[in-house]
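# Summary of structural features
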Amino acid sequence: MKFTLLINEGPYQHQASDTAYQFAKAALEKGHEIYRVFFYNDGVNNATRLAIPPQDDRNITENWAALGKEHELDMVVCIAAAQRRGMLDADEAGRQGKDADNIHPAFRISGLGQLVEGGIQADRLLTFGD
Amino acid sequence: MSESIKKFMFVNTKAPYGTVYALESLEVVLISAAFDQDVSLVFCDDGVFQISNNQNTEASGMKNFSNAYKALGDYDINKLYVEKESLEERGLTLDNIMDLTYEDEDWAEKPSIKLVTRAELADLMDEQDVVISS
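Residues numbered from 1 in each chain as written. Chains lettered and ligands numbered in written order. Predicted model: local features only at pLDDT ≥ 70, side-chain atom pairs only at ≥ 80, totals over all residues. Heavy atoms only, no water.

## Notes on the side chain of H104 of chain A
All names here are of chain A. Formally: Numbering of helices and strands runs from the N terminus, with a helix taken as a DSSP run of H or I at least four residues long and a strand as a DSSP run of E at least two residues long. Throughout this description, buried means an accessible area under 20% of the type-specific maximum (1.4 Å probe, protein chains only), exposed means over 50%, and partly exposed covers the range between. Contacts were defined at the residue level, with two residues in contact if any of their heavy atoms lie within 4.5 Å.
Relative to the assigned elements, H104 resides in the loop between α4 (90-96) and β4 (108-110). According to the relative accessible area criterion, H104 is buried, its value standing at 12%. What H104 contacts, discounting residues up to four positions off in sequence, is A47, R49, T61, E62 and A65.

## Observations concerning the sheet that holds β4 of chain A
All names here are of chain A. Heads up, the rule is: Two strands form a pair only when DSSP identifies at least two bridges running between them. Lines fitted to the C-alpha atoms define the axes, with helices restricted to the stretch that makes contact. Angles between their N-to-C directions range from 0 to 180 degrees.
In space, the five strands of this open sheet follow the order β4-β3-β2-β1-β5, with parallel pairing throughout. A single partner strand is all that each edge strand has here, and the edge strands are β4 and β5 (124-128). Taking each pair of neighbouring strands and ignoring which way they run, the sheet shows an average axis angle of 30°. With six bridges joining them, strand β1 (residues 2-7) and strand β2 (residues 33-39) adopt parallel strand pairing.

## Observations concerning helix α1 (residues 21-32) of chain B
Which entries qualify depends on this criterion: Given the number of residues in a helix, its expected span is that number minus one, multiplied by 1.5 Å.
The terminal C-alpha atoms of α1 of chain B, which comprises 12 residues, lie 16 Å apart, in line with the 16 Å expected from a rise of 1.5 Å per residue. Most of α1 of chain B sits out of view: nine of its 12 residues are buried. Those residues of α1 of chain B that fall on the buried side of the exposure criterion are Y21, A22, L23, E24, S25, L26, V28, V29 and S32 of chain B. Along its buried surface, α1 of chain B packs onto α3 (79-84) and α5 (113-121) of chain A together with β1 (7-12) and β2 (38-43) of chain B.

## Remarks on the packing of aromatic side chains
Residue and element names in this part refer to chain A. The criterion, for reference: The pairing test for Phe, Tyr and Trp rings, Trp by its six-membered ring, is centres within 6.5 Å, and the orientation test on the planes gives stacked under 30 degrees, edge-to-face over 60, and tilted for anything in between.
Under the criterion given, the structure shown has 10 aromatic pairs over all chains. Taking the centre distance of 6.0 Å and the plane angle of 50° together, the rings of F23 and F128 count as tilted. With F23 in helix α1 (residues 16-29) and F128 in strand β5, this residue pair connects regions lying 105 residues apart in the sequence. F128 gets classed as buried once you look at its relative accessible area, which sits at 11%.

## Quick notes on the pattern of salt bridges
Two side chains with opposite charge may pair up if their charged atoms get near one another. Heads up, the condition is: Salt bridges are defined by distance alone: a side-chain nitrogen of Lys or Arg within 4 Å of a carboxyl oxygen of Asp or Glu.
One pass over the full model with this rule turns up 19 salt bridges over all chains. Of the charged contacts, one joins E83 of chain B and R118 of chain B as a salt bridge, the two residues approaching to 3.0 Å between their closest N and O atoms. Here E83 of chain B is found in strand β3 (residues 80-83), whereas its partner R118 of chain B is found in helix α3 (residues 118-126), with 35 residues between them in sequence. The class for R118 of chain B is partly exposed, based on a relative accessible area of 37%. Each of D42, R84 and R85 of chain A together with E24 and E27 of chain B takes part in a single network of salt bridges with overlapping partners.

Below you can see the structure in the form of structure tokens.
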């Protein structure tokens, strides 16, 4: 089956991203396809490359990055939600005249149309969050 | 844009202010209009307050985005289901809800708001391809 995952909550504060990650891993192991992972609301914060969680804890962003690399996942961060929360990639930082960027290269930023299109293309769209 | 038309239902369960969910859900709804899908909205639980009349955010400093719901009809989004029990549980009636309308193919103004019971809503949800709730 082909899945699109929607993640609406930030890392550590909420388990949504962890659950989505575990789901994605299990689904891929079973031979299913993840069409897209879309990060929205505070979920965009999962894409920060600057987080430093304690060494004995999981690193949520790196977990996603590794899974994304292994399976060539399309991991999309909503640009409107990201800008609102100070999440920028290098291109966007340049365009907006900001002096830093923080989005991990495993993720790409794009518009909400990618979420709707993900819902159209997938057999199931699963939401992780409140 | 796409060969397949799916039924998308956006379920709004939270108050318009206090968290960002209502505002950011509306942003997805407006984008979805560009994809020529069969889109409907649900307002239940505290979500009914999202389309309540006479919202005034002046004292709280929040952005009042309630006027954006009035534009939905222009985007051909005209199935707005309001759950009857949610209104009743909060001491509200349809008189407290914005008069949201759309123009049909003959330019006649029609109401977009449809009052449904919890049981009817369950049936409607069952018919959907994609349900996104927040």
